[in-house]
Every structure is written in structure tokens, then in C-alpha cells.
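Architecture at a glance
If you want the building blocks of each chain, they are given just below.
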Amino acid sequence: MAFRVAFEGIDGSGKGTQAARLRDRLQARGRRVALISFPRYSDTFFGRAVGEFLNGRFGAAEAVDPFLVSLLFAGDRFESKPLIEQADAAHDVLIFDRYVASNVAHQAAKLPAERRPELAAWIERIEHGIYGLPRADLVVLLDIPADKAQARIALKKPRDYTERAADLHEADAAYLVRARAIYCELAARGENWRIVDCFDGDRPRSVEEIGTEIESAVRERLG
């Protein structure tokens, strides 16, 4: 069984970059490491459906019930369960670029505060209870202000699931603010969370600076 690390954070926080960096650094130290990124837009039925949702096929984000949308993201991971279990059994460290907490933060951001606990429990029951997905041992939250994140999103290369410069979630600044706040609430309550700041005041921290902090946190837990 692998030590599981999940990278979380709003769009533009650098999850993919840091997940790949951690994989490469741990592999260089002799660890067997796997990296799985979600959503798997091109690899699963539900992953393609997620891409279509984010590309606007089913209407505006606020027009689709987040309880139903959460099933698409959960379905993508359930379809990927054999891949997760295989990687979990064959490696020392399994890294997720987005995992279950992403579903909670991004869907709850569309609901009033009083309904968010219900949705979080719904997702928890589906992904970990019914689908039996393994839990992360460490969740790394890359925290970034929403306005800084949108500036980074504008610089992203084209993605295979959308022709837009920003998908439905990325384009909504107020939504990103809410999602960030929910991520911070989850991190404050979770014993296995580590918040890593992407900015020091107005100064953007370098990839190496952030990565070193993450690697240190992982190595502490690995021993």
C-alpha cells in the first residue's frame, strides 16, 4: 500500500506542476512513485462528461444542481478505481493531482453555506463509502488568492477538453473566491492537511520554494 498524497487548490494554484515535481524528486531518491491526475478528461466516460460540463454543454454552471454534478467527478474516479488500486499496490507513493476534496470544494461553492455540509456528506458517502476509494494520507492545499489565480489561468496552454481560454469554473472570479474559502475550511478541520502558500504577501513564491516545502512535509511523514 502506497503513501497517498493529494494536491488540492483552486484553478491556477500550480497543482499539476507541483505534483509532477514531487514525483520526480521522490523518484530521484529511489522511491517508486505514481501520479494520477483528475479529471481524466480523455480516458474515462465520466471524465469526458466532466469536460463537456466545464465546456458549457449542459448550460451555465449555476444551472446544474451541484449534487448531480458531483456524480460526474465521483464517477470519473470510480471508473479509475482499478488504476488507483494497481498504482497503490505497486508503488511507495501515490500522488493525486486533485482528488475527493476537489469535488467537495468546487461543488459546495455553488451552494449557500447552510447546504454545504449536506453536500460534503453526500460526496463522502459516494466516493469513500459506496465507491470505496482510498483516502489520502496527506492533503496539500496550494493556497492562492483568486485574482492571482485568474491571472495565471489566462496564461495556460490550450487544454484538450475545452477551446475556451477559461472553463466555466475558471472564468468566475466570485466562484473561485468561494471555492478557496471552502478549501481553507476543509484544511482547518482536517488533521492530515498541509496549507502551502503560493504567495508571500504580494511576492509570488517560486516553484522551487513551494516544492521544497511540500517535499519536506512529505518526507517527514514518510520517514
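What this report covers is the structure whose coordinates are included nearby. (Residues numbered from 1 in each chain as written. Predicted model: local features only at pLDDT ≥ 70, side-chain atom pairs only at ≥ 80, totals over all residues. Heavy atoms only, no water.)

Quick word on the overall build of the chain
The helix and strand inventory of the chain stands at nine helices and seven strands. Computed over the C-alpha atoms, the radius of gyration of the chain is 17 Å, within 12% of the 17 Å expected from 2.2 N^0.38 for a compact globule of 223 residues. Projected onto its principal axes, the C-alpha positions of the chain cover 45 × 45 × 35 Å. Every one of the 223 residues in the chain was classed for burial, and the buried ones make up 50%. Long-range contacts, defined as pairs at least 24 residues apart, comprise 76% of the intrachain contacts of the chain with a sequence gap of at least 6. Here the chain displays about 10,600 Å² of accessible surface, and carbon together with sulfur accounts for 52% of that area. (Helix = DSSP H or I, 4+ residues; strand = E, 2+ residues; numbered from the N terminus. Rg over C-alpha atoms; globule rule 2.2 N^0.38 Å. Buried < 20%, exposed > 50% of the residue type's maximum accessible area, 1.4 Å probe, protein only. Contact = heavy atoms within 4.5 Å. Areas by Shrake-Rupley, 256 points an atom, 1.4 Å probe, with all protein chains shown as cover.)

With respect to the side chain of Asp97
Position of Asp97 among the secondary structure elements: in strand β3 (residues 93–97). Buried and unpaired, Asp97 has no salt bridge, with Lys15 as the nearest side chain of opposite charge at 5.4 Å. Within the structure, Asp97 has its side chain in polar contact with the side chain of Ser37 (distance 3.4 Å). When sequence neighbours within four positions are dropped, the list of residues in contact with Asp97 reads Phe7, Lys15, Gly16, Ala19, Leu35, Ile36, Ser37 and Phe38. (Lys, Arg positive; Asp, Glu negative; His and termini not counted. Salt bridge = Lys/Arg side-chain N within 4 Å of Asp/Glu carboxyl O. Polar contact = N/O pair within 3.5 Å; in protein donor to acceptor, adjacent residues only side chain to side chain.)

Focus on the packing of aromatic side chains
Per the stated rule, a full pass over the model turns up six aromatic pairs. Ring geometry for Phe45 against Phe46: centres 5.5 Å apart, planes inclined by 90 degrees, an arrangement best described as edge-to-face. Classification of Phe45 as exposed rests on a relative accessible area of 53%. Relative accessible area serves as the criterion here: at 29%, Phe46 is assigned to the partly exposed category. Put simply, the rings of Phe38, Phe96 and Tyr99 pair up and form one aromatic cluster. (Phe/Tyr/Trp six-rings, centres within 6.5 Å; stacked < 30°, edge-to-face > 60°.)

Focus: the side chain of Arg98
Examined against the element boundaries, Arg98 turns out to sit in the loop between β3 and α5 (100–108). Side-chain polar atoms of Arg98 contact the side chain of Ser102, separated by 3.3 Å. Setting aside chain neighbours within four positions, we find Arg98 in contact with Phe7, Glu8, Gly9, Asp11, Lys15, Phe38, Pro39, His106 and Tyr183.

Quick word on unusual backbone geometry
Residue Pro39 is bonded to the preceding Phe38 through a cis peptide linkage, with omega at -5 degrees. Note on placement: Pro39 falls in the loop between β2 (33–37) and α2 (45–54). In this structure, Arg98 is a non-glycine residue whose phi angle is positive, near 80 degrees.

Comments concerning the nonpolar core
Val5, Phe7 and Ile214 are the most contacted members of the largest nonpolar core, which has 58 residues in total. It is helix α8 (residues 173–189) that provides the largest number of residues to this core, a total of seven residues. Those residues in contact with Ile214 that lie beyond four places of it in its chain are Phe7, Gln18, Leu22, Val140, Leu142 and Val196. Formed by nine residues, the second largest nonpolar core is a distinct cluster that contains Tyr41, Phe53, Leu54 and Phe73. (Core = buried A, V, L, I, M, F, W, Y, C linked by side-chain atoms within 4.5 Å.)

Focus on the pairing of β3
A regular strand places its side chains on the two faces of the sheet in alternate fashion. Of all five residues making up β3, five are buried, and the element is well covered by its neighbours. Of the two faces of β3, both are covered, the one formed by Val93, Ile95 and Asp97 as well as the one formed by Leu94 and Phe96. For strand β1 (residues 3–8) and β3, the ladder comprises five bridges, and the chain directions are parallel. Directly across from Phe7, in β3, lies its bridge partner Asp97. Relative to β3, β2 is paired through five bridges, and the arrangement is parallel. Within β3, the position partnered with Ile36 by the bridge is Phe96. (Pairing = 2+ DSSP bridges.)

Some points on the state of the cysteines
Summed over all chains, the structure comprises zero disulfides. The thiol sulfur of Cys198 is not disulfide-bonded, and the nearest other cysteine sulfur, from Cys184, lies at 11 Å. (Disulfide = S-S within 2.5 Å.)

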